[in-house]
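# Structure assessment
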Amino acid sequence: MSTYKATIQWSRDRDQTFTDNRYSRGHDWLFDGGLKIPASASPNVVPLPLSIEENIDPEEAFVASLSSCHMLFFLSIAAKRGWVVDHYIDQAVGEMGKGEGGTLFMQRVILRPEISFSGSNQPSKKEISEIHHESHTQCFIANSVKTEVVIQKPN
């Protein structure tokens, strides 16, 4: 079985009291390949300047993780079926909602992949739909969450 690791690192600025709840939510995500990603609470959750708008937040990362996992399976399945994908872009959106007891959770993620193929062997709309279904079924991240994941045709 595979394991995956991430180091999440935060430090209090010396001039911050902390107990007044007015501390920076900026922190870093460090990954085994050496990548360091500046992260923060979402400005939708913690107001600026205590959050950092340009940093990735956990909610964005969750949406990106679902979209990326789906895309990687889609590309693999398409390649195995002999279809050449030239371009794949997904402007995914996550929607927060209230669960039981009023707690917030990522209720739904909408994937809107736009895919272009080349060559004489082109998949039909039905075949593309089947690949999306298979990709969703195989996606490790989608299989790990209770969030509804919807695949829509882009606007």
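Heads up: the structure comes first, above all this text.
The following paragraphs examine the structure supplied in this document. Every chain begins its residue count from 1, and numbering advances along the sequence as written. Residue-level local features of this predicted model are given only where pLDDT is at least 70; pairs of side-chain atoms are given and counted only at 80 or more, and the full residue set underlies all totals for whole chains, interfaces and linings. Computation of side-chain values covers all heavy atoms of the structure but excludes hydrogens and water.

### Focus on the overall build of the protein
Tallying secondary structure elements over the protein gives 2 helices and 8 strands in all. Only DSSP runs of H or I with at least four residues qualify as helices, and only runs of E with at least two residues qualify as strands; both kinds are numbered from the N terminus onward. Going from the N terminus to the C terminus, the protein shows its helices and strands as β-β-β-α-β-β-β-β-α-β. The globule rule used here is 2.2 Å times the number of residues to the 0.38 power, and the radius of gyration it is set against is calculated over C-alpha atoms. Relative to the globule expectation of 15 Å for 155 residues, the C-alpha radius of gyration of the protein, 19 Å, shows a markedly less compact shape. When the backbone C-alpha atoms are referred to their principal axes, the protein occupies close to 65 × 40 × 35 Å. Every one of the 155 residues in the protein was classed for burial, and the buried ones make up 30%. For the protein, the proportion of contacts with a sequence separation of at least 24, taken over those separated by at least 6, is 51%. In the protein, 15 side chains carry a positive charge and 19 a negative one; their mean positions are 3 Å apart. Buried means the residue's accessible area, taken with a 1.4 Å probe over protein chains only, is under 20% of the maximum for its type, while exposed means over 50%, and partly exposed covers the values in between. For this analysis, residues touch if any pair of their heavy atoms sits within 4.5 Å. Charged-residue counts in this description rest on Lys and Arg as positive and Asp and Glu as negative, His and the chain ends being excluded. A charged residue contributes its charge at one atom only: NZ of Lys, CZ of Arg, CG of Asp or CD of Glu.

### Description of the environment of I52
The topology assignment puts I52 in the loop between strand 3 (36–39) and helix 1 (58–80). In sequence terms I52 and S76 are 24 residues apart; their C-alpha atoms lie 36 Å from each other. Setting aside its immediate chain neighbours within four residues, I52 contacts S24, G26, S40 and A41.

### A word on the pairing of strand 5 (residues 93–98)
Strand residues, when the strand is regular, have side chains that alternate between the two faces of the sheet. For strand 5 and strand 6 (residues 104–111), the ladder comprises 6 bridges, and the chain directions are antiparallel. Within strand 6, the residue paired with G97 across the bridge is F105. A pair of strands is labelled paired if DSSP reports no fewer than 2 bridges between them. Hairpin connection of strand 5 to strand 6: 5 residues between the antiparallel strands, including G101 at a positive phi of 75 degrees.

### Let's talk about the layout of surface pockets
Put simply, the largest pocket is a space of about 350 Å³. Taken together, 13 residues make up the lining of the largest pocket; nearest its centre are P113, I128, H132, K153 and P154. Counting only elements with at least two residues in the lining of the largest pocket, the list comes to strand 7 (113–118) and helix 2 (125–138). Looking at the lining of the largest pocket, the element that brings in the most residues is helix 2, giving 5 residues. Whether a set of points on the 1 Å grid over the protein atoms alone is a cavity depends on a 1.4 Å probe fitting there but being unable to get out, while an open set qualifies as a pocket with protein on both sides within 12 Å along at least five of seven lines; lining residues are those with an atom within 4 Å of a point. Grid points are joined across faces, edges and corners, and a volume is the space filled by probe spheres set on the points.

Coordinates in, geometry out; function isn't part of it.
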